[in-house]
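# Remarks on the overall topology
Each chain, letter by letter, is given below.
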Amino acid sequence: MESFFVRYRNALVLVAVLLAQTILLAVQVRDLRGPSQPDGRKVTLLRSWAAGAVAPFERVTAFFGRGIRGNWNNYIDLRRTRQQNADLEKEVARLRLEQAEFAEDALQGRRLQALLAFREQYVNATVAAQVIGTSGVDSSKVLLIDKGADFGLKPDMAVITPDGIVGKIRDVFPHTAQVLEIDDPSSGAGVILASTRIRAIVRGGPDGRVQIGNLTADSRIKPGEEVLTSGGDQIFPRGLKVGTIESIAPDRDRQLYTLIRVHPAVNLAQLEEVLVITGTQSELPAVAQQDLAAGDATAQQMKADAQRAEAQRAADLAAERLPSLTPPPNADGTPAATDDGAAAADPLHPAPIVLKAVPALHPDRYSPGLTPPAASLTPGGNNPNPAAASSQTADSPAAGDSADSGDAAAQKPRKPAIAGPTAALKKPKTTPPADAKEPQR
Amino acid sequence: MATRSYTSRRELDEHTFHPAVAVLVPVGFIILQALLPRPFPRLAILDLPLIATIFFAVSRRSPIAGTLTGAAIGLLQDALTNQYIGINGITKALIGYIAASIGFKVDVESITTRILMLFGFCLMQSGLLYLIQDHLLGQHIQMLWLHELLRAAVNTLVAIPIFYLLDRTKSDE
């Protein structure tokens, strides 16, 4: 018997080791927890030991690596700061406009949500953590972060960056935590396609790429469409960016379904820092409310500016196309004063346009206001030269006024320049009133 | 004329390592494996713990030592992933046993043998992982064999210089 153990000790040790590990696997599988779920207590202990053993080395390496990279990046960044600053200013300006555009929609959406009693979840507490390691196995997309239970992290908390979602917390150790990325085959997240509003589940494929595999062929789904979290998985808050659709192809393994590849919004391969969402609330956070109010104010301002610009443009157009209707601006560029003395200062409420005739450059008998009234003319008499008279009138300072008051001129009979001896004979005829009775014959 | 018996040849070819080397090299490889893919994501294709397992198994030529070393390295590797603990443990224990066993029969110092051995063990590991995950655990994973061939080739290329470096840590006392 002793010789049997001696002779086959190698094989027996192998069998014993394999058997022990198979039992260990069976214990884990019995828990009915998938690789995406946190381990049971016994397994967590083993994983915690391993993570505890490896984490200090990873922390030190990550620290030095970050230091070296930081110094180098600082040097590089200094050389590009000016350009970056200019770019960022442009970006800020663009984002402010965008924010203002969205603010009104957001406010309207919130009003509608309040009407429907819809409970939205907003992120109100996050913990920033640094990525210090990976699983080291390309079939297991797991990250190790430098924050754990000591910072209040718990399994199934969402992990994001400002660009989009990263994954969820899988296992939490005292000072570290494992993050399961969305490109792991065992992960999953509820998503919604931004424009078509189709709900789906995004998960990692066997090739390590993010994909949607539970949708049938739909011609409305196009590459480039944005994919957002739907909030249905109770892990990721609604509306976070997941990525964009990269390609759509029939699923060779399942004929009815399509395989939609999603390009993640976050560069999952090179993550430095992540945010763990530790708390959500149904009310919009105070900072976000302030931003929304600022955006709304900007939107109102923009609307008023747009109206003002539109009115100004209309006034300019009228001045350009109908110069006779608008007085020329003053020398300093301010709008000319109107007749009643009020400057057209408010383009939103322009003064009513009064038809006025400008003085003619070369007056003739047809220029308004220059022809003497018919009543003053003497048939066969020596009437004044209208052109000469008009030129004299036009040169006078009150030319405009005289020209303006064409009707008044018609009402006021002008004195003939030369009164002939027959003037007394040519009395103006008085028109009898309309209601005067015709004399009986 | 002195003749060498099988036992003396075996004793001649068996190598031992300083305990610090025997512990720090595998642990260092596991840590390096966890760190490298972060700045260089494509390096996730490497399997440094497997290289360490094969090297210590063929150098010691003790199946028991190979089995235990492989199991320990594999379990530690599993603990850093989200997979069930034991998948890599079983795989690397088997590979450690087989690598130590064939060390008796072939000259593992030759570069050609090393290349063939490393390439074969890398493919064997992929096959064993597939069997355990798909058949034993029922996870229905999809194996990309072209990718596994590439992985085997890359690991072989990386392992050859590492083997020559680690040869210097052998102590034949």
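Residues numbered from 1 in each chain as written. Chains lettered and ligands numbered in written order. Predicted model: local features only at pLDDT ≥ 70, side-chain atom pairs only at ≥ 80, totals over all residues. Heavy atoms only, no water.

What follows is about the overall build of chain A. Scanning chain A from N- to C-terminus turns up 7 helices and 12 strands. Out of the 441 residues in chain A, the part that is buried amounts to 30%. Contacts in chain A between residues far apart in sequence, at least 24 positions, make up 59% of those at least 6 positions apart. As displayed, chain A has an accessible area near 28,400 Å², and 58% of this comes from carbon and sulfur atoms. (Helix = DSSP H or I, 4+ residues; strand = E, 2+ residues; numbered from the N terminus. Buried < 20%, exposed > 50% of the residue type's maximum accessible area, 1.4 Å probe, protein only. Contact = heavy atoms within 4.5 Å. Areas by Shrake-Rupley, 256 points an atom, 1.4 Å probe, with all protein chains shown as cover.)

Okay, the overall build of chain B next. Within chain B, the secondary structure is distributed over 7 helices and 2 strands. In chain B, buried positions account for 53% of the 173 residues. Counting contacts in chain B only where the partners sit at least 6 residues apart, residues at least 24 apart contribute 71% of the total. Accessible surface, chain B: about 7,900 Å² in total, of which carbon and sulfur atoms supply 68%.

In this complex, chain A contributes 50 residues to the contact, which on the side of chain B involves 42 residues. Taken together, both faces of the contact between chain A and chain B bury some 3,800 Å²; the carbon and sulfur share is 64%. Looking at the side of chain A facing chain B, the largest losses of area belong to Gln21(A), Leu25(A) and Asp138(A), adding up to 15% of the total buried there. Summed over the shared surface of chain A and chain B, the result is 2 salt bridges. Here Arg151(B) and Asp138(A) are joined by a salt bridge, their closest N and O atoms 3.2 Å apart. Our count for the chain A to chain B interface comes out at 18 residue pairs in polar contact (both at pLDDT 80 or more). Secondary-structure elements contributing two or more residues to the side of chain A that touches chain B are helix H2 (9-30), helix H3 (41-116), strand E1 (122-134) and strand E5 (177-181) of chain A. For the side of chain A that touches chain B, the residue count by class is 24 nonpolar, 15 polar and 11 charged. (Buried area = accessible area lost by both parts, 1.4 Å probe. Salt bridge = Lys/Arg side-chain N within 4 Å of Asp/Glu carboxyl O. Polar contact = N/O pair within 3.5 Å; in protein donor to acceptor, adjacent residues only side chain to side chain. Nonpolar A, V, L, I, M, F, W, Y, C, P; charged D, E, K, R; others polar.)

It is worth spelling out the pattern of salt bridges at this point. Applying the stated rule across the entire model yields 18 salt bridges over all chains. The closest approach of N and O atoms between Lys241(A) and Glu226(A), which form a salt bridge, is 3.3 Å. Separated by 15 residues along the polypeptide, Lys241(A) in strand E10 (residues 241-250) and Glu226(A) in strand E9 (residues 226-229) bring together distant segments of the chain. On the basis of relative accessible area, Lys241(A) is assigned to the partly exposed category, the value being 34%. Here Glu226(A) falls in the partly exposed class, since its relative accessible area comes to 30%. Across the salt bridge formed by Lys170(B) and Glu109(B), the nearest N and O atoms sit 3.5 Å from each other. Taken as a pair, Lys170(B) in strand E2 (residues 170-171) and Glu109(B) in the loop between helix H5 (87-105) and helix H6 (111-136) lie far apart in primary sequence, 61 residues in all.

With that out of the way, let us pick up the confidence of the model for chain A. Averaged over all residues, the pLDDT of chain A is 75; the fraction at 70 or higher stands at 69%. Every residue in residues 387-441 of chain A scores below 50 in pLDDT, and together they form 22 contacts with partners more than four places removed in sequence or on other chains. (pLDDT = per-residue confidence, 0-100.)

Residues and elements named next belong to chain A. One closed barrel holds the 6 strands; their spatial order is E1-E2-E5-E4-E3-E12, and the pairing between them is antiparallel. Across the sheet, the axes of successive neighbouring strands diverge by a mean angle of 45°, strand direction being ignored. Summarising the sheet, E1 and strand E2 (residues 142-145) pair through 3 bridges and their orientation is antiparallel. Along E2, the bridge assignment pairs Thr 134 with Leu 143. (Pairing = 2+ DSSP bridges. Axes fitted to C-alpha atoms, helices over the stretch in contact; angles between N-to-C directions.)

Taken together, the 6 strands give a closed barrel; going around it, the order is E6-E7-E8-E11-E10-E9 (chain A), and neighbouring strands pair in antiparallel fashion. Going from strand to strand, the sheet's axes swing by 40° on average, the running direction of each strand aside.

The next thing to look at is the environment of Pro185(A). Structurally, the position occupied by Pro185(A) is in the loop between E5 and strand E6 (189-193). Beyond its immediate chain neighbours, meaning those up to four positions away, Pro185(A) contacts Ser139(A), Arg203(A), Gly204(A) and Gly205(A).

All right, on to the packing of helix H2 (residues 19-35) of chain B against helix H3 (residues 48-60) of chain B then. Residue and element names in this part refer to chain B. Where H2 contacts H3, the two axes come as close as 8 Å, and the packing angle between them is 160°. With respect to each other, H2 and H3 are oriented roughly antiparallel. Contacts between H2 and H3 involve Val 21, Ala 22, Val 25, Pro 26, Phe 29, Ile 30, Leu 32 and Gln 33 from the former and Leu 48, Pro 49, Ala 52, Phe 56 and Arg 60 from the latter. Looking at the contact of H2 with H3 residue by residue, the classes come out as 11 nonpolar, 1 polar and 1 charged. (Parallel < 35°, antiparallel > 145°, perpendicular 65-115°, else oblique.)

Below, the discussion takes up a nonpolar patch on the surface. All names here are of chain A. Together, Phe 4, Phe 5, Tyr 8 and Leu 12 make up a nonpolar patch on the protein surface, roughly 360 Å² of accessible area in all. With respect to the helices, strands and loops of the structure, Phe 4 is situated in helix H1 (residues 2-7). By relative accessible area, which is 39% here, Phe 4 ends up partly exposed. (Patch = residues over 30% accessible without salt bridge, like charges linked within 9 Å, V, L, I, M, F, W, Y side chains within 5 Å.)

Residue and element names in this part refer to chain A. Looking at the element boundaries, Asp 150 is found in the loop between E2 and strand E3 (158-161). Put simply, Asp 150 and His 175 are 25 residues apart on the chain and 6.1 Å apart in space, counted from C-alpha to C-alpha. Other than its neighbours up to four places away in sequence, Asp 150 contacts Pro 174 and His 175. A distance of 3.2 Å separates a polar atom in the side chain of Asp 150 from a polar atom in the side chain of His 175.

Nonpolar side chains in soluble globular proteins tend to end up buried together. Grouped together as the largest cluster of nonpolar side chains are 39 residues, with contacts concentrated most on Ile145(A), Leu153(A), Val166(A), Ile169(A) and Ile212(A). Tallying contributions element by element places strand E4 (residues 164-172) of chain A first for this core, with 4 residues. In contact with Ile145(A), other than residues within four places in its own chain, are Ala129(A), Gln130(A), Val131(A), Ile132(A), Leu153(A), Ile169(A), His175(A), Thr176(A), Ala177(A), Val179(A), Val274(A) and Val276(A). Within the second largest apolar cluster, 35 residues are counted, among which are Ile30(B), Met117(B), Phe121(B) and Ile160(B). (Core = buried A, V, L, I, M, F, W, Y, C linked by side-chain atoms within 4.5 Å.)

A word on the pairing of E4(A). Along any regular strand, the residues point their side chains to alternate faces of the sheet. Residue and element names in this part refer to chain A. Of all 9 residues in E4, 9 are buried, a share of seventy percent or more. Pairing of E3 with E4, which is carried by 4 bridges, proceeds in the antiparallel orientation. Note that in E4 the partner of Ile 160 across the bridge is Ile 165. Counting the residues in the hairpin turn of E3 and E4 gives 2 residues. Linkage of E4 to E5, two consecutive antiparallel strands, is achieved through a turn of 4 residues.

The next thing to look at is helix H4 (residues 63-79) of chain B. Since the α-helix advances by 3.6 residues per turn, residues separated by three or four positions end up pointing in the same direction. Under the 1.5 Å per step criterion, the end-to-end length of H4(B) is 24 Å for 17 residues, consistent within 8% with the ideal 24 Å. Here H4(B) has its buried residues at Pro63(B), Gly66(B), Thr67(B), Thr69(B), Gly70(B), Ala71(B), Ile73(B), Gly74(B), Gln77(B), Asp78(B) and Ala79(B). (Expected span 1.5 Å × (residues − 1).)

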